[in-house]
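# Examination of the molecular architecture
If you want the building blocks of each chain, they are given just below.
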Amino acid sequence: MRITVCLTDNRPDAWIEGLRAALPEAMVENWRPGAPQADHAVVWAPPQEFIDDQPALRGIFNIGAGVDALLKLKLPPEAQVVRLDDAGMSVQMAEYVCHALIRHFREFDIYEADARESRWSFRKPREREDFAVGVMGLGVLGERVAKAVAQFEFPVNGWSRSPKAIGGLRCFAGEAEFDDFLGASRVLVNLLPLTEATRGILNRENLSRLNGGEPGGYLINVGRGAHLVEADLIPLLDSGRLAGATLDVFEVEPLPAEHPFWRHPKITVTPHGSARTVREASIAQIAGKIRAVELGEPIAGVVGRERGY
Ligand SMILES: NC(=O)c1ccc[n+]([C@@H]2O[C@H](COP(=O)([O-])OP(=O)(O)OC[C@H]3O[C@@H](n4cnc5c(N)ncnc54)[C@H](OP(=O)(O)O)[C@@H]3O)[C@@H](O)[C@H]2O)c1
């Protein structure tokens, strides 16, 4: 069995070494144009040239959960596209979202500003019942995040494509229940995959529906930058419609230095680091799946190409 590795923006050496150790029966090599045809590929944001050069691939294993960049390519029709299932990401996502939520709810940004002025100023506690959290996407990451938020006794709503019943959550599904989900949520957490159905879903109209249409909604975007219509956000913040936003992902990354999001007082920017791929856990998972595929066994995390995630 031959495995080719093509990782844009990632150093391949440790991945190759790890895959060789986990799959000693396989020939694992870094891709170069004209390399022998491989059975499986381990990839991150590969160029179309790579795909065109490897038409015999049976499995394409993405070293992240989101496959939007991969599905933009013209892939071999028979190849199975496989995303990473958690592999250490969901706990990071849960801590990131809980931190952003609690920082906003407990007004830590105001205390930080007070501390810079040596000002001892106590703020009236807010009621968590008034801060219902809506999690868009109840997949591997969204469900973990929703359950972590529920631990802090915030009311939690979840929205997915297919109906779900998850203990401790009020679940909404599909377009028909989307407006009710938004209206019932004050803090919106985006953990949807980027597909044609979800691109631009964080827009003026939808964000204005938060919190029963009253001002004070808050956005945490950890999905993809293109979920947010960036031009809509600052007017919503400046008019007070939204109280703030924590953003980890952007239309253009790295976020250009001149982008107004960097300097807006109600926006917290982080550099797409809310849940990083954990190399060892990912190698173990991918190696296990490759072995299962070779034995003809079913695996989790196979991407539905037509649905886009
Ligand atoms: N910022 C970061 O560092 C970072 C790191 C990792 C991942 N991510 C992003 O997080 C996303 C989610 O990851 P995941 O592993 O949780 O994905 P996942 O397991 O595929 O779950 C996706 C969820 O979104 C729902 N969904 C998809 N399309 C929908 C639609 N049109 N309407 C309503 N719900 C819809 C799905 O509904 P069903 O359950 O009904 O199918 C599912 O619950 C990734 O795609 C990636 O873009 C970001």
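Residues numbered from 1 in each chain as written. Predicted model: local features only at pLDDT ≥ 70, side-chain atom pairs only at ≥ 80, totals over all residues. Heavy atoms only, no water.

## What to know about the sheet that holds strand E7 (residues 156-160)
Where strands meet in a sheet, backbone hydrogen bonds hold them as pairs that are either parallel or antiparallel. How we decide: Any two strands with at least two DSSP-identified bridges between them are counted as paired. Note on conventions: DSSP H or I runs of at least 4 residues are helices, E runs of at least 2 residues are strands, and numbering of each starts at the N terminus. All axes are obtained by fitting lines to C-alpha atoms, using only the stretch in contact for helices, and the reported angles, taken between N-to-C directions, cover 0 to 180 degrees. Throughout, a residue-residue contact means that at least one pair of heavy atoms, one from each residue, lies within 4.5 Å.
With parallel pairing, 7 strands are arranged side by side in an open sheet as E8-E7-E6-E9-E10-E11-E12. Two strands close off the open sheet at either side, each with one partner strand: strand E8 (170-173) and strand E12 (267-269). Ignoring strand direction, the axes of neighbouring strands in this sheet form an average angle of 15 degrees. For strand E10 (residues 217-221) and strand E11 (residues 242-247), the ladder comprises 5 bridges, and the chain directions are parallel. Residue pairing in the sheet places Ile220 in a bridge with Thr246 of E11. Contacts from helix H4 (residues 89-105) reach strand E6 (133-136), strand E9 (187-190), E10, E11 and E12, with the element oriented near 155 degrees to E10. The sheet strands contacting helix H9 (residues 230-238) are E10, E11 and E12, and the helix crosses E11 at an angle near 140 degrees.

## Description of the domain arrangement of the protein chain
When the parts come together, some accessible area is lost, and that loss is often what is quoted as the size of the interface. Definition in use: Residue ranges labeled as domains rest on an automatic or database domain assignment. What counts as buried area is the accessible surface, traced by a 1.4 Å probe, that two parts surrender upon association, with contributions from both included.
For the protein chain, the domain assignment lists domain 1 (2-87 + 277-294) and domain 2 (90-269). The C-alpha centroid of domain 2 is placed 33 Å from the C-alpha centroid of domain 1. Across the contact, 7 residues belong to domain 1 and 6 residues belong to domain 2. Carbon and sulfur atoms supply 45% of the area that domain 1 and domain 2 bury against each other, a total of about 570 Å² over both sides. If you sort the residues of domain 1 by the area they bury against domain 2, Asp68, Arg83 and Asp86 come out on top, with a joint share of 65%.

## Let's talk about the packing of helix H1 (residues 13-22) against helix H10 (residues 279-294)
Short version of the rule: Roughly parallel refers to an angle under 35 degrees, roughly antiparallel to one over 145, roughly perpendicular to one between 65 and 115, and oblique to any angle outside these ranges. The handedness criterion is simple: a crossing whose near helix is rotated anticlockwise from the far helix by less than a right angle is left-handed, and one whose near helix is rotated clockwise is right-handed. Only Asp, Glu, Lys and Arg are considered charged in this grouping, and only Ala, Val, Leu, Ile, Met, Phe, Trp, Tyr, Cys and Pro are considered nonpolar; every other residue, Gly among them, is considered polar.
With their axes 10 Å apart at the nearest point, H1 and H10 run at an angle of 45 degrees to one another. Our classification of the angle between H1 and H10 gives oblique. Both H1 and H10 take part in a crossing whose hand is right-handed. Across the interface between the two elements, Ala14, Trp15, Gly18, Leu19 and Ala22 from H1 touch Arg279, Ser282, Ile283, Ile286, Ala287 and Arg291 from H10. Residues belonging to the contact of H1 with H10 are distributed by class as follows: 7 nonpolar, 2 polar and 2 charged.

## Brief notes about H9
How we decide: Categorising residues by exposure relies on relative accessible area from a 1.4 Å probe, with only protein chains included: less than 20% of the type maximum marks a residue as buried, more than 50% marks it as exposed, and the intermediate range marks it as partly exposed.
Every buried residue belonging to H9 is among Glu230, Asp232, Leu233, Ile234, Leu236 and Leu237, and all of these are buried. Buried residues along H9 sit against helix H8 (204-208), E10, E11 and E12. Two residues or fewer after H9 comes Gly240, characterised by a positive phi angle close to 85 degrees.

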